[in-house]
Amino acid sequence: MGGRAVLLHARMDLAASNSAIAEQRPLGALLVGAGLVSADDVARALTFQRQFGGRIGSILVRMGAVGEDRLLQILSQQLGWPVVARDALPTVESIRATLDASSVEFDWWLDQSAFAWTGEPGSGGGVVVVARDPLAALLQETAQRCFGTVTFALVATQDLDRLLDALRRADEFDRVTPETAIEQLRELAEAAPSVELVANMLSQAAAERASDIHVEPGERSFTVRLRLDGVLQKRLDLPRDRFDAVASRIKLMAGCDIAERRLPQDGRFVFRAGGGEIDVRVSALPGVHGESLVLRLLPKGRMEFSLDRLGMEAATLARYRAAIAGADGIVLVTGPTGSGKSTTLYATIESIDAGEDKIVTVEDPVEYELPGISQVQVQSDIGYDFARALRAILRQDPDVIMIGEIRDRETAEIAAQAALTGHLVFSTLHTNHAIGAITRLIDLGVEPFLVATALRMVAAQRLVRRLCPHCATRDEPGAAIDAEARALGLAGTANWLRPVGCSHCGNTGYRGRLGLYEAVPIDASLHDAIVAGAQESELVRRARAAGYAGLREDGLAKAWRGETSVAEILRVLGGGELDA
């Protein structure tokens with residue numbers, strides 16, 4: 001059959017179809033008959049239609065007279081067309097394949113706010129067409145001319161818009177070359193709105209003493225959250241279409257590749273706020289909806305590190321000072337990420353630095369610069385890891401070595417050998433409590449006798465929020481907690497307080513943080529138990545017999561004095577009121 005004959009038959013079929021639709025009851029009457037709208041609603045919609053045009057069903061939905069899901073059910077009955085549920089809709093790739101096989105340009109379908117796909121269940125293996133206005137004569141004629149017999153279907157406006165947007169983005173992506181994409185991203189990053197938003201975000205974070213900024217994209221929006229005193233708090237929720245410009249601005253400032261959005265990247269930059277400079281470490285991690293960006297804020301000014309200001313109880317501080325006063329051995333500080341381990345080690349180095357020792361640190365990254373100290377930055381991407389750096393440091397004739405973190409057997413063994421050959425070694429380890437660091441080193445493959453001989457002390461720590469002095473009020477923590485605290489033999493009268501929230505603390509009830517500590521010296525009893533391969537429970541029993549007090553006891557002592565709340569102690573350490 002010739003092309004003109006096909007078109008003639010298509011027009012005849014279309015005319016018959018439209019004639020059948022015209023003979024059916026009007027949509028407004030069907031909706032009134034179903035009890036979904038009133039006659040007055042239909043009258044107002046018809047008045048609006050005469051003045052401004054549009055389909056009567058769409059007008060009723062915009063008026064709020066009927067929900068779109070109920071409207072689609074009535075339209076399906078009127079037209080005899082199926083309603084396609086969201087989970088039955090096709091992928092962008094299958095739509096592109098069908099439209100690319102048609103005889104009209106892809107842009108034409110987008111201009112008509114329409115698309116088609118092949119082989120959907122219920123279509124008999126044919127082509128299904130959906131559109132914002134599926135009754136448009138030009139659309140129906142063109143669809144039949146392109147595909148022959150087609151099935152027109154109905155979808156929710158939200159689903160239609162979502163797929164049309166995805167098709168437009170895919171089409172724009174196909175047309176953009178790598179060179180033009182980079183240029184467009186750079187223009188977005190350097191535009192005034194992006195520059196101003198990022199600058200304000202950084203300034204606000206600095207003013208609120210935030211340690212991190214999290215920029216997290218979603219499907220329809222992106223969120224900016226600040227980590228204040230260890231807790232994330234939402235600050236902005238912006239449309240998703242602004243995210244690429246903001247992300248490109250941050251990556252451009254950090255020296256990252258703005259065109260690379262498939263691989264993780266790290267970068268850094270410096271900005272001024274409040275009269276001082278802040279070093280910003282940027283991490284970009286690709287996700288489902290875009291790159292998740294985390295900005296770590298590190299003030300570059302001279303930081304005052306002091307053991308006396310960390311929050312150690314007097315007995316704990318005395319034991320810790322005795323351990324770090326030695327000429328050799330390993331002192332470990334343990335705890336999860338963000339628990340303040342690096343700050344404790346910096347304060348430790350400051351306390352022993354009298355200018356008489358060669359002190360070298362190896363860190364990833366170097367968070368704060370200490371005058372008079374040789375600080376080494378690990379660069380794992382070129383194979384310069386902790387173990388390799390540590391071997392090089394030992395050739396520098398050091399007296400004191402600080403290792404940012406013991407991550408593997410090789411680093412642990414080199415640290416132990418350094419401690420046994422006359423060096424004082426400080427490092428961190430990720431464990432939940434102090435005794436756990438001993439079993440962790442053995443699990444890494446270090447011989448128990450080496451662990452027992454090299455270790456001088458293991459300390460564990462957490463950070464809890466300080467109560468705001470302006471709004472904290474009296475609290476009754478419960479009989480179990482009160483009895484547990486009194487059993488510790490704490491001095492003075494209990495000063496249990498709870499947070500309230502005021503203008504001084506941003507309505508959180510807390511301002512600033514302090515540390516919880518437990519410190520376990522490796523005495524003769526523990527040394528023998530480690531060499532004998534004792535279980536962790538036995539190590540804890542021996543440490544308790546020597547006067548070891550855990551993080552919970554330290555936390556209760558601080559809550560007893562009103563420095564923090566019981567709720568904060570339980571949030572950080574876990575456990576309930578009856579836990580021992």
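Residues numbered from 1 in each chain as written. Predicted model: local features only at pLDDT ≥ 70, side-chain atom pairs only at ≥ 80, totals over all residues. Heavy atoms only, no water.

- The name an unreviewed UniProt entry gives the protein is Type II secretion protein, with Roseiterribacter gracilis as the organism.
- Check the Sequence similarities (unreviewed entry) section of the UniProt entry for the protein; it says "Belongs to the GSP E family." (UniProt positions renumbered as here; feature names shortened; annotations may be inferred.)

### Some points on the environment of Leu236
Here comes step 1: Tracing the chain through its elements places Leu236 in strand S6 (residues 231-239).
Here comes step 2: A relative accessible area of 27% places Leu236 in the partly exposed class.
Here comes step 3: Residues within four places of Leu236 in sequence aside, it is in contact with Leu197, Phe222, Thr223 and Val224. (Helix = DSSP H or I, 4+ residues; strand = E, 2+ residues; numbered from the N terminus. Buried < 20%, exposed > 50% of the residue type's maximum accessible area, 1.4 Å probe, protein only. Contact = heavy atoms within 4.5 Å.)

### As for the sheet that holds strand S1 (residues 114-118)
Backbone-to-backbone hydrogen bonds pair the strands of a sheet. The strands run either parallel or antiparallel.
Here comes step 1: Sheet architecture is open: three strands sit in the order S1-S2-S3, paired in mixed fashion. Sheet topology places S1 and strand S3 (150-152) at the edges, where each strand pairs with a single neighbour. The sheet shows a mean angle of 25 degrees between the axes of neighbouring strands, direction not considered.
Here comes step 2: Here strand S2 (residues 127-131) pairs with S3 via three bridges, running parallel. Residue pairing in the sheet places Val127 in a bridge with Val150 of S3. (Pairing = 2+ DSSP bridges. Axes fitted to C-alpha atoms, helices over the stretch in contact; angles between N-to-C directions.)

### Re the UniProt feature "domain: Bacterial type II secretion system protein E" (unreviewed entry) in the protein
Here comes step 1: With numbering aligned to this structure, UniProt lists the feature "domain: Bacterial type II secretion system protein E" (unreviewed entry) at residues 394-408.
Here comes step 2: Secondary structure across residues 394-408 comprises 0% helix and 27% strand; the distance between its end C-alpha atoms is 18 Å.

### Some remarks on empty space enclosed by the protein
Here comes step 1: Applying the stated criterion across every chain, the model contains two cavities of 30 Å³ or more.
Here comes step 2: Of the pockets and cavities examined, the largest cavity occupies roughly 70 Å³.
Here comes step 3: Contributing to the lining of the largest cavity are Ile330, Leu332, Ile406, Ala412, Ala415, Ala416, Leu441, Val446, Leu450, Val451, Ala454 and Leu455.
Here comes step 4: Listed by contribution, the elements that provide at least two residues to the lining of the largest cavity are strand S10 (329-334), helix H16 (409-420) and helix H18 (448-454).
Here comes step 5: For the lining of the largest cavity, the per-class residue count stands at 12 nonpolar, no polar and no charged.
Here comes step 6: Considering the residues around the second largest cavity, the lining is formed by Met201, Gln204, Val224, Leu226, Arg235 and Leu236. (1 Å grid on protein atoms, 1.4 Å probe; cavity = no way out; pocket = protein on both sides within 12 Å on 5 of 7 lines; lining within 4 Å. Points joined across faces, edges and corners; volume = space filled by probe spheres on them. Nonpolar A, V, L, I, M, F, W, Y, C, P; charged D, E, K, R; others polar.)

### Observations regarding the nonpolar core
Here comes step 1: Grouped together as the largest cluster of nonpolar side chains are 50 residues, with contacts concentrated most on Leu31, Trp109, Phe115 and Trp117.
Here comes step 2: Counting 44 residues, the second-largest nonpolar core is a separate cluster that includes Val360, Ala389, Leu429 and Ala437. (Core = buried A, V, L, I, M, F, W, Y, C linked by side-chain atoms within 4.5 Å.)

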